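What follows is each chain in one-letter form.
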Amino acid sequence: MWRRLGLLDLIRIGLLVLGLVFVATGLLPWEEAAASLDDIGPLLIFLVAIIVTAELTKEAQVFDAIAARMAVFGRGNYTALFFLCTAFASFITIFLNLDTTAVLLTPVMLALAPKARIAALPLAMTTIWLANTASLLLPVSNLTNLLGMEKIGLDAQEFAARMWAPQIVAIAVTMAFLWAFFWRPGERRDLRYTPPVLEPVADRVLFAAASLACVLFIVLLLLKTHVAVAATVAAVIVVTAFLVRARDRLTWSLIPWQLVVFVTGLFLVVPTLSRHGLSDLMTWMIGTEGDPYRTAAVGAGLSNVINNLPAYQAVETVIPASAQDRLLALLVGTNVGPVITPWASLATLLWFESCRRHDVKVPMRRFLLTGAGLAVVGLVATVWALVAFG
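Treat the numbers as computed from the prediction; the structure is a model and nothing was measured. (Residues numbered from 1 in each chain as written. Predicted model: local features only at pLDDT ≥ 70, side-chain atom pairs only at ≥ 80, totals over all residues. Heavy atoms only, no water.)

Draft legend 1. Quick peek at the overall build of the protein. For the protein, the count of helices and strands is 16 helices and zero strands. Along the first, second and third principal axes, the C-alpha atoms of the protein reach 60 × 45 × 45 Å. Looking at the 390 residues of the protein, the share that counts as buried comes to 55%. Long-range contacts, defined as pairs at least 24 residues apart, comprise 81% of the intrachain contacts of the protein with a sequence gap of at least 6. When the accessible area of the protein is evaluated, it comes to approximately 16900 Å², of which 67% is carbon and sulfur surface. The centroid of the 27 positive side-chain charges in the protein is displaced by 12 Å from the centroid of its 24 negative side-chain charges. (Helix = DSSP H or I, 4+ residues; strand = E, 2+ residues; numbered from the N terminus. Buried < 20%, exposed > 50% of the residue type's maximum accessible area, 1.4 Å probe, protein only. Contact = heavy atoms within 4.5 Å. Areas by Shrake-Rupley, 256 points an atom, 1.4 Å probe, with all protein chains shown as cover. Lys, Arg positive; Asp, Glu negative; His and termini not counted. Charge placed at Lys NZ, Arg CZ, Asp CG, Glu CD.)

Right, here's the structure in full:
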């Protein structure tokens, strides 16, 4: 079993073990550990339910049908396909949460690659980068936004009014990096691609059930239903359909245990560190001058070290509620910045899981270097927009 585990799997397990050691030794009191795990309970339910839904939806060929129609609509033109993909990824992230983009849209893009006979990596990078950088506009776009809404003190409309300019800039910079490093003619095999021939689905009942589950998930989110509830309802529908029509496809491998282990470990380790000097360290790192660029940089840096959710929580605790601009700058850092390391955001973790399941190889050196460039340029430009149009 240990031989089948990759490096990231071992890191995830090690993090959980470390968190349990902190609880067992009293470094993290049981009451605080229970409260921390209670906070992430709905998040874990959402992660499991939405991944199961996405994987079974892929098995029902829903993503194949969508991907084929996108490729046909592009008519073999890479530029048209590029704008279609970036617009679709941005729309899904803004209105349906970045994790939805990572889970539901990534298989769409990966299914598009063989049908249009193009490389999968540019399509995959489009989803993961925009899943992070397009998550600034609405509270629902990112879990960090939801975590910060009460302290920031803005409703959804006021939040969007403050973040529209940063969001436009973040998407524009991301598109520039995507084109330069993954989509331009020198980075792909052909000048044009071949639009695929539309094929009928194998099982119309599964296709209809999975489509209904995805649409219902979107509708429930638009109705402001909790993401965990919406994802669970969608998962129940599609799992029931597979129980009736294709029970053999329901396997334990559908459950993303790696993500559950990683997130649980994070929310045990970070509170422990906060009790033992982390808050003082955060105050020192962001300074007392109120510099939004510095605050965003600290948020981005920590996100790429310990994940953006605990990074946001660690820094937010030392920023007063009256410093609204600094809190928004922190969101820029923890939303736009987590594009360097594989664990920087839950969306990135979900994306890597999807790439692994679809046998898409992600060159780690290229991922790190291009992500670092996007993080630096995107952060500076987006914070500038926040300050200039605030």
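Now that the structure is up, let's keep going.
Draft legend 2. Just the nonpolar core, in detail. Judged by nonpolar contacts, the single largest core of 109 residues is most densely connected at F46, M125, W129, W183, F217 and W351. Contacts of F217, omitting those with residues within four sequence positions, involve F46, I50, T100, L104, V227, A230, A231 and A234. In this structure, I152, V270, I286 and A300 belong to the second largest nonpolar core, which totals 31 residues. (Core = buried A, V, L, I, M, F, W, Y, C linked by side-chain atoms within 4.5 Å.)

Draft legend 3. Quick look at the packing of aromatic side chains. Under the counting rule described, the total for this entry stands at 12 aromatic pairs. Here F352 and F367 contribute two aromatic rings whose centre-to-centre distance is 5.3 Å and whose plane-to-plane angle is 70 degrees, an arrangement assigned as edge-to-face. Note that F352 is positioned in helix α15 (residues 346-357) and F367 in helix α16 (residues 364-388), a separation of 15 residues in sequence. Neither F352 nor F367 differs from the other in exposure class; each is buried. Taken together through their ring pairs, the aromatic side chains of F82, F83, W179 and W183 make up a single cluster. (Phe/Tyr/Trp six-rings, centres within 6.5 Å; stacked < 30°, edge-to-face > 60°.)

Draft legend 4. Inspection of the pattern of salt bridges at higher detail. Scanning the model with the defined rule gives six salt bridges in all. A salt bridge links D325 to R162; its shortest N-O distance comes to 3.0 Å. Here D325, found in helix α14 (residues 324-336), pairs with R162, found in helix α8 (residues 156-183); they are 163 residues apart in sequence, far enough to count as distant. Each of the salt bridges in this network shares a partner with another, and the network as a whole consists of K58, E59 and R249. (Salt bridge = Lys/Arg side-chain N within 4 Å of Asp/Glu carboxyl O.)

Draft legend 5. Structural view of the state of the cysteines. Evaluated as defined, the whole model comprises zero disulfides. Distance from the sulfur of C85, which forms no disulfide, to the nearest cysteine sulfur (C355) is 14 Å. Accessibility expressed as a relative area gives 0% for C85, which makes it buried. Just so you know, C214 is unpaired, no disulfide at all, and the nearest cysteine sulfur is the one on C85, 18 Å from it. (Disulfide = S-S within 2.5 Å.)

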